[in-house]
Amino acid sequence: MLTLSLSFPGGRYHATPWGRHVNEADVAWPPDPWRLTRALIATWYRKLDHQLYPETLLTSLLGLLAAEPPHYRLPTAVHSHTRHYMPNRQKSTLIFDAFARIDPTEALIVHWPGCQLNDAQTALLDELLNCIGYVGRAESWVEAKRLGDWSGEPNCFPGSTQIDQETGEIQTEPVHLYAPLTPDAYANFQQQMQSGLALRKLKTSELKSIKKTLPISWLAAVGLDTADLQNAGWSAPPAAQKILYQRPIQALKSSVASRAKPKPSPSADTVRYAVYGKPLMRELDTIRFAEHVRRAVMGKAKWTLGETAIPPLLSGHGLNTDNRHCHAFFLPQADSNGRLDHVLIHVPAGIDGDMRRVFGALKLVKGFDGQEWRLMLEHIGQREDFENVSPIVQSASVWQSRTPYLHPWHCKKDFDIPAQIRREFRERQLAEPTEIRLLPTIKPHGRELRPIDFQRFRSKRGLAQPDTRGSFWQLIFAEPVTGPLALGFGCHFGLGLFTPVKANE
Amino acid sequence: MSIDFSALHAAPRLLIDAELQPLQGARFQPTGFPDLGAAVYDGPNGNRLLLVESAQSMANRMETVCWDAPNDDWVDALKGLPLIKVIDNQGKPLTNTVQEAHRLNSAYVLEGKDQTVFDKLKAELADMDEGAVDLKKLAAVVLRYDANALLHGLFLAKKELAGGRLRLPRVVSSFIEAEDVNLAQSGGVKNDHVNPSGDTAKGFGNVPYSRSDYTAPKITAYFNIDLAQIRGFGLGNAVEQLLIALALYKIRAVLDFGLRLRTACDLDVKKLTVTRPTGWELPERNTLEAAIPGLIAAVAAEGRFAEPRVTQVSWGKK
């Protein structure tokens, strides 16, 4: 096993693919084994001591590398270009200079799974990698090293197109890379070509230029000057073979320079909608309406983000046990007639970009019997933004039930309802109330209501519900606390909701 | 005065990052052309990048700071380095290999009636027509006539000279890039208070114009010296030290007084970091200025420069 790491300290890799004109602005990505081999030859030729590292050693090293097509791990790269005019006095030709823009801290990995080098070859390779200055054009500064141990996963390798068996989607993009023939394969090819040439009637000059490109030495053949190959009429180097590789789709992303940079959204944890429909549901059915709203949000999230990408903070599913109440609270709000004309959704852990898209797209809530309520998004923001329109997000020292509180645990000796309320505050790491008073009834709209007047059951079956009756409470705190306060069973669906009590009430 | 290069002895490359900022205000004008605009492209993490100065342009700037144009000579510290000067038919200075884009391969040097340099090169490189190019020998010949070309690369694209295969790669390369750029659009009107509706093609009349500058939180000049290549020239310790010092001088000089890239692009160095080899400190410009004459003398003493140092050719069309 042999693994090389190439990083590009200038952040750019310039290389024109074989057979393409520079002004086609294409980039050879990943660097072909042919190009890497030639870069190593050039480095040996220009920078190494040939007494210490003889040509035979170089040939044996590069021959081993040629014996197996390497696999690659490609970093993210963006296909970019600059343009300039040649400063020619007669005619200013426009030149495209294409390159891949790469993060200088990310490495390109080249991996030969079956390659084994001996000590001398390893020493030569290390020295070559230490001295290599660039790969591709001179602007492609490179720092290369051999990795003793690499356990990563290659993402570009020889083979045919990879297809997802389940969805039928193509997962890879084919790309042809040039790799040197092995010394043996080249020797065969060279002999066949030589004998073939002898049979053809060619001009002496033509024969001479072709023969010049078919040297006996494999190293000389791989190191031939490109201009000589082109002069002899080769469409591809005779010592090279074309290998079909598969790289990830978008491995070389096209430039997206025209795209406007998205503005960072201000942080938000609350969204409020106005509800339109006839009839509006009664406040007594808060839990029903909240369930309809949640179902609508889930449907929109599934449609907008995909079935598997519904944010846990919206669904409340798949969260850590210590994060149980950071997901969305669906809190319907009633007008002065006790009709639910607004709904406030509060996500204590915050609303991210995906959730914004879902909330922005939500327009309609449907009931089970064909009822429909249209929603109009009023605002997505911090809960303080809604203080003037929703008392439940204000700060106050005294709070009282707006909907019945259903205790979530079974009552036991020393664990009555006030104890359960206190435990909920502790678990949510909130300040406990100093006083907890039972209220037999509440009078939100002039009419006296008992807990049993409210709908107190979820439509979801099989839920354990220690409390079926419900109760109203007044909570008094030493310091003002900020809402919304929703406690107990069904608190994410508007049950156990508290509202501030003004000093004069 | 000498500089300690021992820390660079085994290092394959010297990488330097210079963080830059506009000298005044926040805007700067990048390289660009009237019908092409600026070179803006995307980085791998989605931020917008801008090429402020290309590798080719930076090479020119690193050469310009070495030249004392009014006196038609190297700046004081570099006096004594070999180069080729071209004079016109009246004997006045026309150009030279430091100012010419293609250096020793300049058309004014090799394509004129005066074939002095061409003949010298042909004679000295005669045995390279067949077989592999002897880069060490080529480097020695280039050092003899145009030392500067060893640092910035050379392509002798003439088929009479080893079939056009004589090439030396860049040893020093550099570019300036800005990250996370934003466009600063502005404009104005050139007013003609005498005749606002005059013929604008002739320079009269009111002419509205627009211009696009950029702002960026990060502008960086990157420098790369290929130390392994300098050693690979095989020209001995004195030449190696001279070439490294010369490269460092060019970088220091560009950062000290060569960063007024365009009228509206005057940059200043905020922070300089040697990223490879880590811990090495870039000598100050005055230290380099003090050391280079001694290094030039040492190489000259080895007989590696042409004498006289200035090779002169006269320009006349063939």
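Residues numbered from 1 in each chain as written. Chains lettered and ligands numbered in written order. Predicted model: local features only at pLDDT ≥ 70, side-chain atom pairs only at ≥ 80, totals over all residues. Heavy atoms only, no water.

### Overview of the overall build of chain A
Thinking step 1. Per the secondary structure count, chain A includes eleven helices and 21 strands.
Thinking step 2. The buried share among the 505 residues of chain A stands at 47%.
Thinking step 3. Here the contacts in chain A between residues at least 6 apart in sequence split such that 74% fall between residues at least 24 apart.
Thinking step 4. Split by element, the accessible area of chain A, about 25400 Å² in all, is 50% carbon and sulfur. (Helix = DSSP H or I, 4+ residues; strand = E, 2+ residues; numbered from the N terminus. Buried < 20%, exposed > 50% of the residue type's maximum accessible area, 1.4 Å probe, protein only. Contact = heavy atoms within 4.5 Å. Areas by Shrake-Rupley, 256 points an atom, 1.4 Å probe, with all protein chains shown as cover.)

### Description of the nonpolar core
One broad rule of soluble globular proteins: the nonpolar side chains tend to lie buried together.
Thinking step 1. Judged by nonpolar contacts, the single largest core of 98 residues is most densely connected at Phe28, Leu78, Leu121, Leu156 and Ile225 of chain B.
Thinking step 2. With 14 residues, helix 7 (residues 237-257) of chain B is the largest single contributor of residues to this core.
Thinking step 3. Listed in part, the 69 residues of the second largest apolar core include Ala15, Val175, Trp218 and Ala232 of chain A. (Core = buried A, V, L, I, M, F, W, Y, C linked by side-chain atoms within 4.5 Å.)

### Notes on the pattern of salt bridges
Pairs may arise between side chains of opposite charge once their charged atoms sit close together.
All names here are of chain A.
Thinking step 1. Considering all chains together, one arrives at 40 salt bridges over all chains under this definition.
Thinking step 2. Note that glutamate 283 is salt-bridged to arginine 402, the shortest N-O span being 2.7 Å. With a gap of 119 residues between them, glutamate 283 in the loop between strand 12 (270-276) and helix 8 (286-305) and arginine 402 in the loop between strand 17 (395-401) and helix 11 (417-427) connect regions that are remote in the sequence.
Thinking step 3. A residue is classified by how much of its surface remains accessible, and glutamate 283, at 6% relative accessible area, is buried. (Salt bridge = Lys/Arg side-chain N within 4 Å of Asp/Glu carboxyl O.)

### Digging into the interface of chain B and chain A
Thinking step 1. The partner chain A presents 39 residues to the 41 residues of chain B that form the contact.
Thinking step 2. Here chain B and chain A share an interface that buries about 3300 Å² over both sides, 51% of which is from carbon and sulfur atoms.
Thinking step 3. The interface formed by chain B and chain A holds five salt bridges in total.
Thinking step 4. Put simply, chain B and chain A have ten residue pairs in polar contact (both at pLDDT 80 or more) between them.
Thinking step 5. Elements with a minimum of two residues in the side of chain B that touches chain A: strand 4 (40-42), strand 5 (48-53), helix 1 (55-64), strand 12 (172-179), strand 15 (218-225) and helix 6 (227-232) of chain B.
Thinking step 6. Here the element with the most residues in the side of chain B that touches chain A is strand 12 of chain B; it accounts for four residues. (Buried area = accessible area lost by both parts, 1.4 Å probe. Polar contact = N/O pair within 3.5 Å; in protein donor to acceptor, adjacent residues only side chain to side chain.)

### A look at the packing of aromatic side chains
Working definition: an aromatic ring pair is given by the centre-to-centre distance plus the angle between the planes.
Residues and elements named next belong to chain A.
Thinking step 1. Applying the stated criterion across every chain, the model contains 15 aromatic pairs over all chains.
Thinking step 2. Where phenylalanine 189 meets tryptophan 234, the ring centres are 6.5 Å apart and the plane angle is 50°; that geometry is what we call tilted. In this pair, phenylalanine 189 sits in helix 4 (residues 183-199) while tryptophan 234 sits in the loop between helix 7 (226-231) and strand 10 (240-248), placing the two residues 45 residues apart along the sequence.
Thinking step 3. On the basis of relative accessible area, phenylalanine 189 is assigned to the partly exposed category, the value being 25%.
Thinking step 4. Residue classification places tryptophan 234 among the buried positions, given a relative accessible area of 19%.
Thinking step 5. Centre to centre, the rings of phenylalanine 330 and phenylalanine 493 are 6.5 Å apart; their planes meet at 25°, and the pair counts as stacked. In this pair, phenylalanine 330 is assigned in strand 13 (residues 329-334) and phenylalanine 493 in the loop between strand 20 (485-486) and strand 21 (497-500), connecting sequence segments 163 residues apart. Like phenylalanine 330, the residue phenylalanine 493 is buried in the burial classification.
Thinking step 6. By the ring-pair criterion, three or more aromatic residues cluster together here, those being Phe8, Tyr13 and Trp29. (Phe/Tyr/Trp six-rings, centres within 6.5 Å; stacked < 30°, edge-to-face > 60°.)

### Description of the sheet that holds strand 9 (residues 172-180) of chain A
Residue and element names in this part refer to chain A.
Thinking step 1. Read across the sheet, three strands follow the order 8-10-9 without closing on themselves; strand pairing throughout is antiparallel. Edge positions in the sheet fall to strand 8 (157-158) and strand 9, since each has one partner strand and no second.
Thinking step 2. Sheet analysis places strand 9 next to strand 10, joined by nine bridges and oriented antiparallel. The partner of proline 180 across the bridge, within strand 10, is alanine 240.
Thinking step 3. Contacting strand 9 and strand 10, helix 1 (residues 33-47) runs over the sheet at an angle of about 35° to strand 9. (Pairing = 2+ DSSP bridges. Axes fitted to C-alpha atoms, helices over the stretch in contact; angles between N-to-C directions.)

### Digging into the pairing of strand 5 of chain B
Thinking step 1. With five of six residues buried, strand 5 of chain B lies mostly within the body of the structure.
Thinking step 2. Connecting strand 4 of chain B to the next strand, strand 5 of chain B, in antiparallel fashion are five residues, including glycine 46 of chain B with a positive phi near 90°.

### So, helix 3 (residues 116-124) of chain B
What sets the pattern is the α-helix's 3.6 residues per turn: residues three or four places apart point alike.
All names here are of chain B.
Thinking step 1. Buried within helix 3 we find Val117, Phe118 and Leu121. Buried residues along helix 3 cover an arc of 100° about the axis, so they all sit on one side.
Thinking step 2. Those residues of helix 3 that are buried lie in contact with strand 8 (83-87), helix 2 (107-110), helix 4 (135-145), strand 10 (154-156) and strand 18 (310-314). (Arc of directions from axis to C-beta.)

### A short note on the sheet that holds strand 6 (residues 107-112) of chain A
All names here are of chain A.
Thinking step 1. Pairing is antiparallel across the open sheet formed by four strands, whose spatial order is 3-6-1-7. Among the strands making up the open sheet, the edge pair consists of strand 3 (71-73) and strand 7 (143-147). Between one strand axis and the next, the sheet turns through 20° on average, direction left out of account.
Thinking step 2. Across five bridges, strand 1 (residues 2-7) lies against strand 7 in antiparallel orientation. Bridge assignment links leucine 4 to a residue of strand 7, and that residue is arginine 146.
Thinking step 3. Packed on one face of the sheet, helix 3 (residues 119-131) meets strand 1 and strand 7 and runs near 155° to strand 7.

### Observations regarding the environment of proline 418 of chain A
Residue and element names in this part refer to chain A.
Thinking step 1. Positionally, proline 418 belongs in helix 11.
Thinking step 2. The sequence separation of proline 418 and proline 433 amounts to 15 residues, and the corresponding C-alpha distance is 9.7 Å.
Thinking step 3. Proline 418 has contacts with Ile436 and Trp473, leaving out every residue within four places of it along the chain.

### Concerning the packing of helix 7 of chain B against helix 8 (residues 285-301) of chain B
Residues and elements named next belong to chain B.
Thinking step 1. Running from N to C, helix 7 and helix 8 cross one another at 150°; their axes reach a closest spacing of 9 Å. The pairing of helix 7 with helix 8 is recorded here as roughly antiparallel in orientation. The handedness of the crossing between helix 7 and helix 8 is left-handed. Where helix 7 approaches helix 8, its residues Ala238, Val239, Gln241, Leu242, Ala245, Leu246, Leu248, Tyr249, Arg252, Ala253, Asp256 and Phe257 are matched on the opposing element by Arg285, Leu288, Glu289, Ile292, Leu295, Ile296, Ala298 and Val299.
Thinking step 2. Its residues assigned to classes, the contact of helix 7 with helix 8 comprises 15 nonpolar, one polar and four charged. (Parallel < 35°, antiparallel > 145°, perpendicular 65-115°, else oblique. Left-handed = near helix turned anticlockwise from the far one by under 90°. Nonpolar A, V, L, I, M, F, W, Y, C, P; charged D, E, K, R; others polar.)

### Comments concerning helix 1 of chain A
All names here are of chain A.
Thinking step 1. For helix 1, spanning 15 residues, the distance from its first C-alpha to its last is 21 Å, which sits close to the expected 21 Å at 1.5 Å a residue.
Thinking step 2. In terms of burial, helix 1 is largely enclosed, as twelve of its 15 residues are buried.
Thinking step 3. Along helix 1, the residues that are buried comprise Pro33, Trp34, Arg35, Leu36, Thr37, Ala39, Leu40, Ile41, Thr43, Trp44, Arg46 and Lys47. (Expected span 1.5 Å × (residues − 1).)

Coordinates in, geometry out; function isn't part of it.
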